[in-house]
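Coordinates in review
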Amino acid sequence: MSKHVAEIVTFKLAEGVSPEKFVALSQASEAFVRSQPGFLHRQLSCGEDGHWTDYVIWKDMETAHKVAAEFHKQDFCADLMKAIAPDSAKMRHEEVLWDMAA
């Protein structure tokens, strides 16, 4: 049985990009992400220190890697990447070992 996978991307915004603008740019990727077989959940957050986290749950590691490779080929991606501070983005994939929901 395969385990769900968390795709965790942390970053800071590029100079002059407002949080509202970045959320709108992120929402432009919604149709693509939702249409991917194996998509389970996504949330975007920002800490008091200005670091952002884009957190996506996929059905398995194969799906997470496949979608990550395709994401950068989409029309919305160039504008989204320009809104992220250079060299600040870090992405990792982790197996979900335990989950608790309300």
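Above: the structure in question.
Rules used in this analysis
Residues numbered from 1 in each chain as written. Predicted model: local features only at pLDDT ≥ 70, side-chain atom pairs only at ≥ 80, totals over all residues. Heavy atoms only, no water. 1 Å grid on protein atoms, 1.4 Å probe; cavity = no way out; pocket = protein on both sides within 12 Å on 5 of 7 lines; lining within 4 Å. Points joined across faces, edges and corners; volume = space filled by probe spheres on them. Nonpolar A, V, L, I, M, F, W, Y, C, P; charged D, E, K, R; others polar. Helix = DSSP H or I, 4+ residues; strand = E, 2+ residues; numbered from the N terminus. Buried < 20%, exposed > 50% of the residue type's maximum accessible area, 1.4 Å probe, protein only. Polar contact = N/O pair within 3.5 Å; in protein donor to acceptor, adjacent residues only side chain to side chain.

The next subject is the layout of surface pockets. Of the voids in this model, the largest pocket is the one considered here, and its volume is about 310 Å³. In this structure, the largest pocket is lined by 21 residues; those nearest its centre are Glu7, Val9, Asp54, Phe71 and Met81. For the lining of the largest pocket, the per-class residue count stands at 15 nonpolar, two polar and four charged.

Position of Arg34 relative to the elements: it lies in helix α2 (residues 30-35). A relative accessible area of 56% places Arg34 in the exposed class. A polar contact is formed between the side chain of Arg34 and the side chain of Glu30, at a distance of 2.7 Å.

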